[in-house]
Amino acid sequence: MKKENINSDRTKELYRLSVLIKQIDNAIQKSRENELRKFGITPEQAAALICIRSLGDKATSAEISRWLFRDESSSLVMIRRMIKQGLIIKKADRNNKHIIKIILTSKGLTAYKNAISFLALTNIFDCLTESKKQQLNSILNIIRNRAFDVLNLDVKTYSGLFSDALIIEKHDSIDDEKE
């Protein structure tokens with residue numbers, strides 16, 4: 001890896017891009033916090049609910065940590081809080097008692113449905129045309145893939161959930177219509 005001169009124009013531009021990405025992330029997180037606060041959940045919990053729903057019977061604390069790109073100990077703290085809130089329960093796997101599944105409760109399913117509304121994200125990203133959203137998605141995927149390469153992480157291991165979540169969202173829309 002080539003060492004960059006801290007005063008080079010390239011380094012300054014890379015730093016500006018890094019700060020811009022962080023500011024966008026912080027603003028989106030704050031908007032999401034405000035949106036989810038009325039439902040009594042955090043953005044991290046919302047992401048976990050979406051993850052648990054998407055993983056279905058494969059939802060374990062290890063899988064949740066992996067998909068959310070979090071340290072397992074911090075995920076366990078969040079899972080304990082979600083159990084206390086009545087959003088999820090732990091249940092031993094029928095075939096292997098050493099595997100503990102994470103399951104949504106009815107309260108958790110309601111919270112999940114609130115979590116997938118994404119009104120804050122819609123309000124933020126509506127400033128972009130569909131074409132610009134596709135361009136942004138493409139660029140961010142390139143950057144994410146490179147960052148994963150640098151970290152020696154397999155992109156497929158961490159990116160499958162996004163398509164799974166979209167499939168489940170379609171099923172949830174159908175379920176909502178039946179209710």
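Shown above is the structure to which this text applies.
Here the structure is a predicted model, which is why all the values come from computation and not from measurement. (Residues numbered from 1 in each chain as written. Predicted model: local features only at pLDDT ≥ 70, side-chain atom pairs only at ≥ 80, totals over all residues. Heavy atoms only, no water.)

**Observations regarding the packing of helix α1 (residues 9–37) against helix α2 (residues 43–55)**
Helix-helix packing is characterised by the crossing angle of the two axes and by the distance between the axes.
(1) Moving on: Two numbers describe how α1 lies on α2: the axes approach to 9 Å, and their chain directions differ by 80°. Relative to α2, the element α1 lies roughly perpendicular. On α2, the residues that touch Gln29, Arg32, Glu33 and Leu36 of α1 are Pro43, Glu44, Ala46 and Ile50.
(2) Moving on: Looking at the contact of α1 with α2 residue by residue, the classes come out as four nonpolar, one polar and three charged. (Axes fitted to C-alpha atoms, helices over the stretch in contact; angles between N-to-C directions. Helix = DSSP H or I, 4+ residues; strand = E, 2+ residues; numbered from the N terminus. Parallel < 35°, antiparallel > 145°, perpendicular 65-115°, else oblique. Contact = heavy atoms within 4.5 Å. Nonpolar A, V, L, I, M, F, W, Y, C, P; charged D, E, K, R; others polar.)

**Comments concerning the packing of α2 against helix α4 (residues 72–84)**
(1) Moving on: Where α2 contacts α4, the axes come no closer than 11 Å and their chain directions differ by 85°. Taken as axis vectors, α2 and α4 run roughly perpendicular relative to one another. Listed contacts from α4 to Glu44, Gln45, Ala48 and Leu49 of α2 are Met78, Arg81 and Met82.
(2) Moving on: Considering only residue class, the contact of α2 with α4 consists of four nonpolar, one polar and two charged.

**What about the nonpolar core?**
(1) Moving on: Ranked by internal contacts, the top residues of the largest apolar core, which has 23 residues, are Ile41, Leu49 and Ile88.
(2) Moving on: Those elements that provide at least two residues to this core are α2, α3 (61–68), α4, β2 (100–104) and α5 (106–115).
(3) Moving on: In terms of residue count, α2 provides more of this core than any other element does, seven residues in total.
(4) Moving on: Beyond its immediate stretch of four places on either side in the chain, Ile41 contacts Leu36, Ala46, Leu49, Leu87, Ala111 and Ala115. (Core = buried A, V, L, I, M, F, W, Y, C linked by side-chain atoms within 4.5 Å. Buried < 20%, exposed > 50% of the residue type's maximum accessible area, 1.4 Å probe, protein only.)

**Some remarks on a positive patch on the surface**
(1) Moving on: A cluster of like positive charges, contributed by Arg80, Arg81, Lys84 and Lys90, occupies part of the molecular surface.
(2) Moving on: The greatest single-element share of the positive patch, amounting to three residues, is contributed by α4.
(3) Moving on: Here Lys84 shows up in helix α4.
(4) Moving on: For Lys84, a relative accessible area of 77% translates into the label exposed. (Patch = residues over 30% accessible without salt bridge, like charges linked within 9 Å, V, L, I, M, F, W, Y side chains within 5 Å. Areas by Shrake-Rupley, 256 points an atom, 1.4 Å probe, with all protein chains shown as cover. Salt bridge = Lys/Arg side-chain N within 4 Å of Asp/Glu carboxyl O. Lys, Arg positive; Asp, Glu negative; His and termini not counted. Charge placed at Lys NZ, Arg CZ, Asp CG, Glu CD.)

**With respect to the side chain of Thr11**
(1) Moving on: Tracing the backbone through its elements, the reader meets Thr11 in helix α1.
(2) Moving on: A polar contact of 2.8 Å, which involves the side chain of Thr11, links it to the side chain of Ser8. (Polar contact = N/O pair within 3.5 Å; in protein donor to acceptor, adjacent residues only side chain to side chain.)

**Quick notes on α3**
(1) Moving on: Listed as buried for α3 are Ser61, Ile64, Ser65 and Trp67.
(2) Moving on: Looking one or two residues past α3, Phe69 carries a phi angle of roughly 60°, positive in sign.

**Digging into α5**
(1) Moving on: The set of residues buried in α5 consists of Gly108, Ala111, Tyr112 and Ala115. An end-on view of α5 places all buried positions within 105° of arc, on one side of the element. (Arc of directions from axis to C-beta.)

**With respect to the packing of aromatic side chains**
(1) Moving on: What the rule picks out here adds up to one aromatic pair.
(2) Moving on: Ring geometry for Phe69 and Phe148: centres 5.4 Å apart, planes at 10°, overall stacked. Highlighted residues: Phe69 in the loop between α3 and α4 and Phe148 in helix α7 (residues 130–150), separated in sequence by 79 residues.
(3) Moving on: The positively charged end of Arg66 is found above the aromatic ring belonging to Trp67, 5.1 Å away from the centroid.
(4) Moving on: When the ring centre of Phe148 is taken as reference, the NZ or CZ atom of Arg144 above it lies at 5.8 Å. (Phe/Tyr/Trp six-rings, centres within 6.5 Å; stacked < 30°, edge-to-face > 60°. Lys NZ or Arg CZ within 6 Å of the ring centre and 35° of its normal.)

**Quick word on the pattern of salt bridges**
Pairs can form between side chains of opposite charge whenever their charged atoms are close.
(1) Moving on: Summed over all chains, the structure comprises eight salt bridges.
(2) Moving on: Two residues, Glu33 and Lys30, come together in a salt bridge whose shortest N-O distance is 3.7 Å. Residue Glu33 and its partner Lys30 are both found in helix α1; the two are separated by three residues, about one turn of the helix.
(3) Moving on: On the basis of relative accessibility, which here comes to 28%, the residue Glu33 falls in the partly exposed class.
(4) Moving on: The partner of Lys101 in a salt bridge is Asp93, and the shortest N-O contact between them spans 3.4 Å. When sorted by exposure, Lys101 lands in the same class as Asp93, which is buried.
(5) Moving on: Within this structure, Asp126, Glu130 and Lys133 form a network of salt bridges that share partners.

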